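# Per-entry structural report
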Amino acid sequence: DAKTTQPPSMDCAEGRAANLPCNHSTISGNEYVYWYRQIHSQGPQYIIHGLKNNETNEMASLIITEDRKSSTLILPHATLRDTAVYYCIVRALQGGSEKLVFGKGTKLTVNP
Amino acid sequence: SAVISQKPSRDICQRGTSLTIQCQVDSQVTMMFWYRQQPGQSLTLIATANQGSEATYESGFVIDKFPISRPNLTFSTLTVSNMSPEDSSIYLCSVEVQGPSTDTQYFGPGTRLTVL
């Protein structure tokens, strides 16, 4: 089972920031938080990941709370092309690879 | 990152037949994965394929139904055998790329399979 909880859907106005929350209250100390998105029936696209520090790249920012029990993915200026299902996944790496367990994600709709 | 291609991109097949899906990556990778996404559902891992060893299947998936080959570090195939309409899904391969701190999985575009 997925170890994260996300709202099933969210709406955002084009040009505004989209803030997608994720709860992972049982996260372990060696587990990273990964975010992917899937635009209608395409393969999931990697967005960003983090352990405990906030992270930013060209696509998004990831804010992780100090207790690491929740995080927020921020798309600073949402566009219509950001409409997708966003998946938050926690994953441990212990000298090898751990599988990604996908939950149901958040369906983000960016409105004009 | 990695650039991953899959063939075919889509197919319509008759029940009882088999389809082999190919996954090609532009760099050498150790770990490759195959996922299934049934209509309206999230992704489910079928198996992990390491080069030079047998694939490791997740609960509910068996080698006779989903045989996997991994002949080298850039290529893998998944066969969906003796298909039924319940096998209609998107099949996705992914690869793991080592990064400076952690590893990241990147996904191919998927193969949309419809079984009649």
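Residues numbered from 1 in each chain as written. Chains lettered and ligands numbered in written order. Predicted model: local features only at pLDDT ≥ 70, side-chain atom pairs only at ≥ 80, totals over all residues. Heavy atoms only, no water.

### Brief notes about the pattern of salt bridges
All names here are of chain A. Where we set the bar: In the sections that follow, a salt bridge refers to a side-chain nitrogen of Lys or Arg positioned within 4 Å of a carboxyl oxygen of Asp or Glu. Going along the chain from the N terminus, every DSSP run of H or I of four or more residues is numbered as a helix, and every run of E of two or more is numbered as a strand. A 1.4 Å probe rolled over the protein chains alone gives each residue an accessible area, and that area as a share of the maximum for its type sets the label: buried under 20%, exposed over 50%, partly exposed in between.
Scanning the model with the defined rule gives 4 salt bridges over all chains in all. In this structure, Arg-37 and Asp-82 form a salt bridge, with 2.8 Å as the shortest nitrogen-oxygen distance. Of the two residues, Arg-37 sits in strand S3 (residues 31-38) while Asp-82 sits in the loop between strand S7 (70-75) and strand S8 (84-92), which places them 45 residues apart along the sequence. With respect to class, Arg-37 is no different from Asp-82; both count as buried.

### Topic: the nonpolar core
Rules: We define a nonpolar core as any set of buried Ala, Val, Leu, Ile, Met, Phe, Trp, Tyr and Cys residues linked to one another through side-chain atoms lying within 4.5 Å. Two residues qualify as a contact provided that any one of their heavy atoms is within 4.5 Å of a heavy atom in the partner residue.
Grouped together as the largest cluster of nonpolar side chains are 45 residues, with contacts concentrated most on Tyr-35 and Ile-46 of chain B. Considering each element in turn, this core owes the most residues, 6 residues, to strand S9 (residues 89-98) of chain B. In contact with Ile-46 of chain B, other than residues within four places in its own chain, are Trp-34, Tyr-35, Arg-36, Thr-56, Tyr-57, Glu-58, Phe-61, Phe-66, Leu-78 and Tyr-91 of chain B. One finds Cys-12, Ile-47, Leu-73 and Leu-75 of chain A within the second-largest nonpolar core, a separate group that totals 21 residues.

### Digging into the environment of His-40 of chain A
Residues and elements named next belong to chain A. Looking at the secondary structure, you find His-40 in the loop between S3 and strand S4 (45-50). Taking the relative accessible area as the measure of exposure, His-40 reaches 69% and is therefore exposed. Distance from His-40 to Ala-84, taken between C-alpha atoms, is 6.6 Å for residues 44 residues apart in sequence.

### Here we look at the sheet that holds strand S8 (residues 75-80) of chain B
Each strand in a sheet pairs with another by means of backbone hydrogen bonds, the pair being arranged parallel or else antiparallel. Residues and elements named next belong to chain B. As a reminder, the rule being used: Between any two strands, pairing holds if DSSP finds at least two bridges. Only the stretch in contact is used when a helix axis is fitted, and all axes are lines through C-alpha atoms; the angle between N-to-C directions ranges over 0 to 180 degrees.
Spatial ordering of the open sheet is given by S1-S3-S8-S7, a layout of 4 strands whose pairing is antiparallel. On the outer flanks of this sheet lie strand S1 (4-7) and strand S7 (68-72), each paired with one strand and no other. Averaged over all adjacent pairs, the angle separating strand axes in this sheet is 15°, with direction ignored. Two elements, S7 and S8, share 3 bridges in a ladder whose sense is antiparallel. Paired with Asn-72 across the strands is Phe-75, a residue of S8.

### Here's the deal with the packing of aromatic side chains
Applied cut-off: Aromatic rings from Phe, Tyr and Trp, taking only the six-membered ring of Trp, are treated as a pair when their centres fall within 6.5 Å; an angle between ring planes under 30 degrees marks them as stacked, one over 60 as edge-to-face, and anything in between as tilted. The criterion is that NZ of a Lys, or CZ of an Arg, lies within 6 Å of the ring centre and within 35 degrees of the ring normal, and then a charge sits over that ring.
The tally for this structure, following the rule as stated, stands at 11 aromatic pairs over all chains. Measuring from centroid to centroid gives 5.1 Å for Tyr-87 of chain A and Phe-102 of chain A, while their planes differ by 85°, and the two rings are edge-to-face. Of this pair, Tyr-87 of chain A sits in strand S8 while Phe-102 of chain A sits in the loop between S8 and strand S9 (106-111), and the two are 15 residues apart along the sequence. With a centroid separation of 6.5 Å and an interplanar angle of 45°, the aromatic rings of Phe-66 of chain B and Tyr-91 of chain B are classed as tilted. Of this pair, Phe-66 of chain B sits in the loop between strand S6 (56-57) and S7 while Tyr-91 of chain B sits in strand S9; the two residues are 25 residues apart in sequence, bridging distant segments of the chain. Note on accessibility: Phe-66 of chain B and Tyr-91 of chain B belong to one class, buried. In textbook terms, an aromatic cluster arises when at least three aromatic residues are bridged by ring pairs, as seen for Tyr-36, Tyr-46, Tyr-87 and Phe-102 of chain A together with Tyr-35, Tyr-106 and Phe-107 of chain B. Above the plane of the ring of Tyr-34 of chain A lies Arg-91 of chain A, whose end atom (NZ or CZ) is 5.7 Å from the centre.

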